[in-house]
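# Examining the three-dimensional arrangement
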Amino acid sequence: MALIVQKYGGTSMGSPERIKNVARRVAKWKAQGHDVVVVVSAMSGETNRLIALAKELQEYPDPRELDVVISTGEQVTIGLLAMALKEIGVNAKSYCGWQVRVVTDSAHTKARIQSIDEAAMRADLNAGRVVVVAGFQGLDEDGNITTLGRGGSDTSAVAMAAALKADECQIYTDVDGVYTTDPRVVPEARRLKTITFEEMIEMASLGSKILQIRSVEFAGKYKVRLRVLSSFEDEGEGTLITFEEDENMEKAVVAGIAFDRNEARINVKGVPDKPGIAYQILGPIADANIEVDMIIQNVGENGTTDFSFTVPRGEYQQALAILRDVQTHIGAGKIDSDDKVAKVSIVGVGMRSHCGVASTMFRTLAEEGINIQMISTSEIKVSVLIDEKYLELAVRVLHKVFGLDQPA
C-alpha cells in the first residue's frame, strides 16, 4: 500500500462527466489499497472568467481582493469531486487550501508556500477517506487568502506530497507524459520514459508547458517522486522524473527541444561603456517586476557599447517605457526592439560529456537560412533567439538532426 498524491488540472475537471471520470480513476487507486490525496484545479477557463469579471469592476484589480475572487474556482471543483466520489461509494472529504493550512508568504497572486499542516489530512487518511484539496491557494500569516500564480496547482500537489512524505506525486494532464518536443509541431516527437529533474527544470523554464517550473524545483528540493500521466487514458506509465542519470543518459546527448514564443528583444545602442551600466539599465526593469531572460553586452568600442536583452512579450511595452526614461539618464543612443522573436532550446544532461553539440545546432540552423540573434548557454542547454516565423522549422530540423525521432 502506498500514499499517492494525484493532481488533476482544469481540462480534467472541465465538466461533470470529466469529474466523474476522475472519481472513477481515484476509486480504482483506492480499491487497490492505496491512500489517496487529490489536488485539483478550477474548471478549464474558470480562472480567466473570474479575472475578467474583476477587471470589469477595477482596471487593475487589487491583488488581495483578486485572490479572494479567483480562489473560488477550486472551491467549486473540490466539492464536486467529493460528491462524485461519494456517489460511487468512496468516502471523501474536501478542503480549501486555508482549511488544510497551506501557509504562504503575502505576495498576492504569486505567493510561495512556506508550510503545510498535514494533521487533518493524516487523520482523514487513517479513517479511510480520500482527501480532496484545492490547489493554487493558501493563506498568509495574517489570515489573508493567497494564490500561487499560474500553474500553482502543480506546486500545491508537490508540496502536499512533500509534507505527507508520499510515495509518488502523479500529475495528470491532457498529454500522456513529457515528449521530446511538442507533438503539434513535430508529429514524430516521442514520449520519454524518464527525464532528470535538471532536464525537466530547464524544459519548464524554456517554454515547455507540461509542468510549472516551481513545482519541479520543489520536487527536486524535497526529493518527491514525480510522474506525468494522461487523465484521459487508463493505461500507460507516463514519464517519471528521476533524480539519477541512468547509464543510457550518456547515449542521449539531447533529451528534448523546448521553445517559447513569449519573447521580445530590446537593444539599447550607444551605451557608455563603464562599470555599473548593466545595473542602471536592468535595475529599473527588475524594480517593475519584469523578468529578464537572455542578456548580451558587446565589447566596447570608442567608449560605448550595445546592450541587448529579452523580456516576456506581455511586458515588452512596459519595459520600453521604462527604458526611455533610463535612456536620457545614462546618455544612451537609440533603442530598437522586436516582439516577433522566439527562443528555441536544446536540453540534455548528456551535453556535459559531449562536445560539438552547440556547433551542430548552429550549423543546422545556418543550413536552413535561419539567423541567430542571441545565444544563451548552461551546462545542459543551449538557447538561441530567432525570428518567430522560423520557429517551427527550427524545431523540426533540430529534432531530426539530434535523432530525437528515433526509438530510444
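Residues numbered from 1 in each chain as written. Predicted model: local features only at pLDDT ≥ 70, side-chain atom pairs only at ≥ 80, totals over all residues. Heavy atoms only, no water.

### Quick notes on helix α11 (residues 316–330)
Given a rise of 1.5 Å per residue, 15 residues ought to cover 21 Å, and the 20 Å separating the end C-alpha atoms of α11 matches this to within 8%. Those residues of α11 not exposed but buried are Y316, A319, L320, I322, L323, V326 and I330. Those residues of α11 that are buried lie in contact with β13 (256–272), α10 (277–287), β15 (304–311) and β16 (335–347). Looking at the residues trailing α11, positive phi occurs at G331, about 75°. (Helix = DSSP H or I, 4+ residues; strand = E, 2+ residues; numbered from the N terminus. Expected span 1.5 Å × (residues − 1). Buried < 20%, exposed > 50% of the residue type's maximum accessible area, 1.4 Å probe, protein only. Contact = heavy atoms within 4.5 Å.)

### Some words on the nonpolar core
V5, V37, I116, M121, M160, C169 and L226 are the most contacted members of the largest nonpolar core, which has 43 residues in total. Looking at which element gives the most residues to this core, the answer is helix α7 (residues 152–164), with eight residues. Among all residues touching M121, those that are not within four sequence positions of it are V37, V100, I116, V131, V133, M160 and L164. (Core = buried A, V, L, I, M, F, W, Y, C linked by side-chain atoms within 4.5 Å.)

### Some thoughts on the packing of aromatic side chains
The full count for this structure, using the stated rule, is three aromatic pairs. With centroids separated by 4.9 Å and ring planes inclined at 35°, the aromatic side chains of F218 and Y222 adopt a geometry described as tilted. The class of F218 is buried, set by a relative accessible area of 17%. Given a relative accessible area of 44%, Y222 falls into the partly exposed group. (Phe/Tyr/Trp six-rings, centres within 6.5 Å; stacked < 30°, edge-to-face > 60°.)

### A short note on a nonpolar patch on the surface
There is a patch of nonpolar side chains on the surface, built from V76, L80 and M83 and spanning about 260 Å² of accessible area. Within the secondary structure layout, M83 lies in helix α4 (residues 72–87). On the accessibility criterion, M83 (55% relative accessible area) is exposed. (Patch = residues over 30% accessible without salt bridge, like charges linked within 9 Å, V, L, I, M, F, W, Y side chains within 5 Å. Areas by Shrake-Rupley, 256 points an atom, 1.4 Å probe, with all protein chains shown as cover. Salt bridge = Lys/Arg side-chain N within 4 Å of Asp/Glu carboxyl O.)

### Examining the pairing of strand β2 (residues 35–40)
Burial analysis of β2 places six of its six residues in the buried class, the great majority of the element. Along β2, one buried face is formed by D35, V37 and V39 and the opposite face, lined by V36, V38 and V40, is buried too. The pairing of strand β1 (residues 3–8) with β2 spans six bridges and is classified as parallel. When the sheet's bridge partners are listed, I4 is paired in β2 with V36. Taking the sense of rotation as the criterion, the β-α-β connection linking β1, helix α1 (residues 16–31) and β2 turns out right-handed. Bridge count for β2 against strand β6 (residues 130–134) is four bridges, and the pairing is parallel. By the bridge assignment, V40 is partnered in β6 with A134. (Pairing = 2+ DSSP bridges. Right-handed = clockwise from strand over helix to strand, strands pointing away.)

### Describing the side chain of T196
You can see T196 is positioned in strand β10 (residues 194–196). Polar contacts involving the side chain of T196 include one to the main-chain amide nitrogen of E199, which spans 3.1 Å. (Polar contact = N/O pair within 3.5 Å; in protein donor to acceptor, adjacent residues only side chain to side chain.)

### Focus on unusual backbone geometry
For residues besides glycine, phi is generally negative; the peptide bonds are generally trans as well. One non-glycine residue, K165, lies in the positive phi region at around 55°. You can call K165 exposed: its relative accessible area is 67%. The residue N289 is not glycine, and still its phi comes out positive at about 60°. Along the chain, N289 falls in the loop between α10 and β14 (295–297). By relative accessible area, which is 56% here, N289 ends up exposed.

### Comments concerning the UniProt feature "domain: ACT" (unreviewed entry) in the protein
Under the present numbering, the feature "domain: ACT" (unreviewed entry) in UniProt falls on residues 266–340 and 346–408. Across residues 266–340, the secondary structure splits into 35% helix and 32% strand, with the terminal C-alpha atoms separated by 11 Å. (UniProt positions renumbered as here; feature names shortened; annotations may be inferred.)

### Observations concerning the side chain of N144
Along the chain, N144 falls in the loop between β7 (137–139) and β8 (145–147). Side-chain polar atoms of N144 contact the side chain of R64, separated by 2.9 Å. The contact partners of N144, leaving out residues within four places of it in the chain, are R64, H108, G138 and L139.

### Re the packing of helix α2 (residues 46–57) against helix α3 (residues 63–70)
Where α2 contacts α3, the axes come no closer than 9 Å and their chain directions differ by 140°. In terms of orientation, α2 lies oblique with respect to α3. Relative to α3, the crossing made by α2 is right-handed. Taken together, the residues of α3 that come into contact with α2 (itself represented by T47, L50, I51 and A54) are L66, V69 and I70. The class makeup of the residues in the contact of α2 with α3 is six nonpolar, one polar and no charged. (Axes fitted to C-alpha atoms, helices over the stretch in contact; angles between N-to-C directions. Parallel < 35°, antiparallel > 145°, perpendicular 65-115°, else oblique. Left-handed = near helix turned anticlockwise from the far one by under 90°. Nonpolar A, V, L, I, M, F, W, Y, C, P; charged D, E, K, R; others polar.)

### Section: the state of the cysteines
Taken as a whole, this structure holds zero disulfides when the rule is applied. You can see C169 has no disulfide; the closest cysteine sulfur is in C96, sitting 20 Å from it. (Disulfide = S-S within 2.5 Å.)

### Regarding the pattern of salt bridges
Tallied over the full model, the rule gives 21 salt bridges. A salt bridge links E65 to R64, with the shortest nitrogen-to-oxygen separation between them at 3.0 Å. Its relative accessible area of 39% is what places E65 among the partly exposed residues. On the accessibility criterion, R64 (34% relative accessible area) is partly exposed. A salt bridge links R261 to E392; the nearest nitrogen and oxygen atoms lie 3.0 Å apart. Here R261 is found in strand β13, whereas its partner E392 is found in helix α13 (residues 391–401), with 131 residues between them in sequence. Classification of R261 by relative accessible area gives partly exposed; the value is 34%. Salt bridges sharing common partners tie together E168, R225 and R227.

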